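Each chain, letter by letter, is given below.
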Amino acid sequence: MTNPTRHSTRLRPEDLEKIRAYLVNSLTRELESNPPPLRKRREFITQQLDEIYKQSQLRLAETLRQQIFRDVLDDLLGYGPIQPLLDDPDITEVMVNGPNQVYVERKGKLTLTNVKFEDDEHVLRIIERIILPLGRRIDADKPTVDARLPDGSRVNAVIPPVAIDGPSITIRKFFVERLTVQQLIEFGSITEKMAEFLRACVVSRLNIVISGGTGSGKTTLLNILSGYIPTDERIVTIEDAAELQLHQDHVVRLETKPPNIDGSGAVTIRDLVRNSLRMRPDRIVVGECRGGEALDMLQAMNTGHDGSLTTVHANSPRDALSRLETLSLMSGLDMPVSVIREQIASAVDLIVQQTRMKDGSRKVTHVTEVAGMEGNTIVMTDIFRFKQTGISSDNKILGQLEPTGIRPMFIERLEAYGFKLGAEVFSAQIAAAMKQRKQQGRRRR
């Protein structure tokens, strides 16, 4: 390399890029000519990087040298420019919309970063690096891919010709420490009484559907509710990309499989739901119903597999029922809509609506009982709901989660399992009075 400069104070951005590219290219040649064992790859690259830097006779400021070394290691061992974003614990999602536009979600808000790739080819190289170790492929014939990273994060990549403006990457980060119900209460996503009620519903083997939009926190809530399942029950979980973190001992985790290169060998959610029925499950937990497996799930709920849980994409409890109806029609079975509605009404006991609010916060906005059929309509009753009262000066949503005063029809079932929930759980007035008395008691102390 012809030394671009020995004086770091004169370096321009394009000079730094030349240095980084020189180091990456030199290391790539070393790796190709003398490939180290996989377990020693990082050590080898680090040593060679030091050697190449010394031979270049560069004299960069120490902070600048460390930054360039980090960039080079990220490029060769990590996921390039987005690796620091993936390492940031406050970032929950990374979205690459081409080489010059990288967004992140932090605390529920989308933000444009200053991270950039060199060009479309650079983005494609990172996509290949992500998916090749996972046994997936992406090309013009198969321009989309879904996969799960070794740490559990979900990744989706799309390339031309379907991605018109260039290759795109979306990574939903996975967190080893799952959120607890107490944290949701502290965040204002749910109240103590709602949590108490939902725990009773899970233990009492009610069939529960969690409804919500993209990024609303459905999987997080499903994780928490699944944690209420008693430890002496056999649980089968079914997911596209395994995200659930159940701590019970008797859990069988199933994950879908994409087709082989020749298009054969795919294993779908529907295949796994059908297979799970032969595995003697006490509980079936489906990460998300998005196709004909919805009908299989409903039939399982109706034939002795009580206490099943799943999620669907919908913006309200009523929309969730319509979504289940539509998905069931995708099963290919020629069934009248009225029969499907009866299946839904008899199978689903409760819908929990999770919503991502305009301020980025996530809340349970409805807990709704499916109360049966009236004519050709499914009857629903809100047990809890979120009542918005306004917006604060810093654009935060104001409001409270409160009971509607209606006791669910399945209250006797909860009592049969030992849950005798008091009137304060279902009455807004009693709950408010008890909260006031508790606050007064604290002040006296």
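Coordinates for the structure precede this section.
What you see is a predicted model, and the numbers here were worked out from it, not measured in a lab.

Peer 1: Would you mind going over the packing of aromatic side chains in detail, with residue names and values included?
Peer 2: Note on aromatic pairs: each is described by the distance of the centres and the angle between the planes. As enumerated under the stated definition, the model contains four aromatic pairs in all. Ring centres 6.1 Å apart and planes at 25° place the aromatic pair Phe197 and Phe410 in the stacked group. With Phe197 in helix 7 (residues 192-203) and Phe410 in the loop between strand 15 (397-403) and helix 13 (411-416), this residue pair connects regions lying 213 residues apart in the sequence. For the pair Phe197 and Phe410, one class covers both residues: buried. Look at Phe197 and Phe426: their rings are 5.7 Å apart centre to centre, the planes differ by 85°, and that puts the pair in the edge-to-face class. In this pair, Phe197 sits in helix 7 while Phe426 sits in helix 14 (residues 423-426), placing the two residues 229 residues apart along the sequence. According to the relative accessible area criterion, Phe197 is buried, its value standing at 0%. Among the residues examined, Phe426 registers a relative accessible area of 2% and is labelled buried. Each residue in the set Phe197, Phe384, Phe410 and Phe426 is aromatic and connected to the rest through ring pairs, giving one cluster. The side chain of Arg65 reaches across the aromatic face of Phe69, ending 4.5 Å from its centre.

Peer 1: Before we move on, can you summarise the nonpolar core with the specific residues and values?
Peer 2: Membership of the largest hydrophobic core comes to 42 residues, with the highest contact counts inside it found for Phe197, Ile208, Leu225, Leu350, Val352, Val367 and Leu414. Per-element accounting of this core gives the leading share, eight residues, to helix 7. Ignoring sequence-local partners within four residues, the contact set of Leu414 consists of Phe197, Ala200, Cys201, Ser204, Leu206, Phe419 and Leu421.

Peer 1: Break down the environment of Ser393 for me, with residues and values.
Peer 2: Position of Ser393 relative to the elements: it lies in the loop between strand 14 (377-391) and strand 15. Residue classification places Ser393 among the exposed positions, given a relative accessible area of 83%. For the pair formed by Ser393 and Ser322, sequence separation is 71 residues and the distance between their alpha carbons is 37 Å.

Peer 1: So, the pattern of salt bridges: which residues are in play, and what are the values?
Peer 2: According to the stated counting rule, one finds 21 salt bridges in the structure shown. Note that Asp240 is salt-bridged to Arg290, the shortest N-O span being 3.2 Å. Residue Asp240 is located in the loop between strand 8 (235-239) and strand 9 (251-255), and its partner Arg290 is located in the loop between strand 10 (283-286) and helix 10 (293-302); the two are separated by 50 residues in the primary sequence. What makes Asp240 partly exposed here is its relative accessible area of 33%. Look at Arg290 and you get partly exposed, because its relative accessible area is 41%.

Peer 1: For the packing of helix 11 (residues 317-329) against helix 12 (residues 337-347), give the residues involved together with the corresponding values.
Peer 2: With their axes 10 Å apart at the nearest point, helix 11 and helix 12 run at an angle of 125° to one another. Considered as vectors, helix 11 and helix 12 are oriented oblique to each other. Our pair here, helix 11 against helix 12, has a crossing hand that is right-handed. In this structure, helix 11 contributes Leu321, Leu324, Glu325, Ser328 and Leu329 to the contact, and helix 12 contributes Val337, Ile340, Arg341 and Ile344.

Peer 1: Residues and numbers for helix 2 (residues 41-56), please.
Peer 2: Because each turn of an α-helix spans 3.6 residues, side chains separated by three or four positions end up pointing in the same direction. Here helix 2 spans 22 Å end to end across 16 residues, near enough to the 22 Å set by a 1.5 Å rise per residue. Those residues of helix 2 not exposed but buried are Phe44, Ile45, Gln48, Leu49, Ile52, Tyr53 and Ser56. Down the axis of helix 2, the smallest arc covering the buried residues is 160°, so these residues share one side. Within two residues after helix 2, Gln57 carries a phi angle of roughly 60°, on the positive side.

Peer 1: Run through the sheet that holds strand 5 (residues 154-158), naming residues and quoting values.
Peer 2: The sheet built from six strands is open, its strands ordered 3-2-1-6-5-4 with antiparallel pairing. The open sheet has two edge strands, strand 3 (109-112) and strand 4 (144-148), and neither has a second partner. Adjacent strand axes in the sheet meet at a mean angle of 15° when their direction is disregarded. Here strand 1 (residues 91-97) runs beside strand 6 (residues 168-172); their pairing, made up of five bridges, is antiparallel. Across the sheet, the residue bridging to Asn97 is Ser168, located in strand 6.

Peer 1: Please provide a residue-by-residue account of unusual backbone geometry, values included.
Peer 2: Cis geometry marks the peptide bond from Pro160 to Pro161, where omega comes out at 15°. Tracing the backbone shows Pro161 in the loop between strand 5 and strand 6. Even without being glycine, Arg205 reaches a positive phi, approximately 65°. Its place among the elements puts Arg205 in the loop between helix 7 and strand 7 (208-212). With a phi angle near 55°, Arg280 is a residue other than glycine that sits in the positive phi range. Residue position: Arg280 is located in the loop between helix 9 (269-276) and strand 10. On the basis of relative accessible area, Arg280 is assigned to the exposed category, the value being 57%.

Basis of the calculations
Residues numbered from 1 in each chain as written. Predicted model: local features only at pLDDT ≥ 70, side-chain atom pairs only at ≥ 80, totals over all residues. Heavy atoms only, no water. Phe/Tyr/Trp six-rings, centres within 6.5 Å; stacked < 30°, edge-to-face > 60°. Helix = DSSP H or I, 4+ residues; strand = E, 2+ residues; numbered from the N terminus. Buried < 20%, exposed > 50% of the residue type's maximum accessible area, 1.4 Å probe, protein only. Lys NZ or Arg CZ within 6 Å of the ring centre and 35° of its normal. Core = buried A, V, L, I, M, F, W, Y, C linked by side-chain atoms within 4.5 Å. Contact = heavy atoms within 4.5 Å. Salt bridge = Lys/Arg side-chain N within 4 Å of Asp/Glu carboxyl O. Axes fitted to C-alpha atoms, helices over the stretch in contact; angles between N-to-C directions. Parallel < 35°, antiparallel > 145°, perpendicular 65-115°, else oblique. Left-handed = near helix turned anticlockwise from the far one by under 90°. Expected span 1.5 Å × (residues − 1). Arc of directions from axis to C-beta. Pairing = 2+ DSSP bridges.

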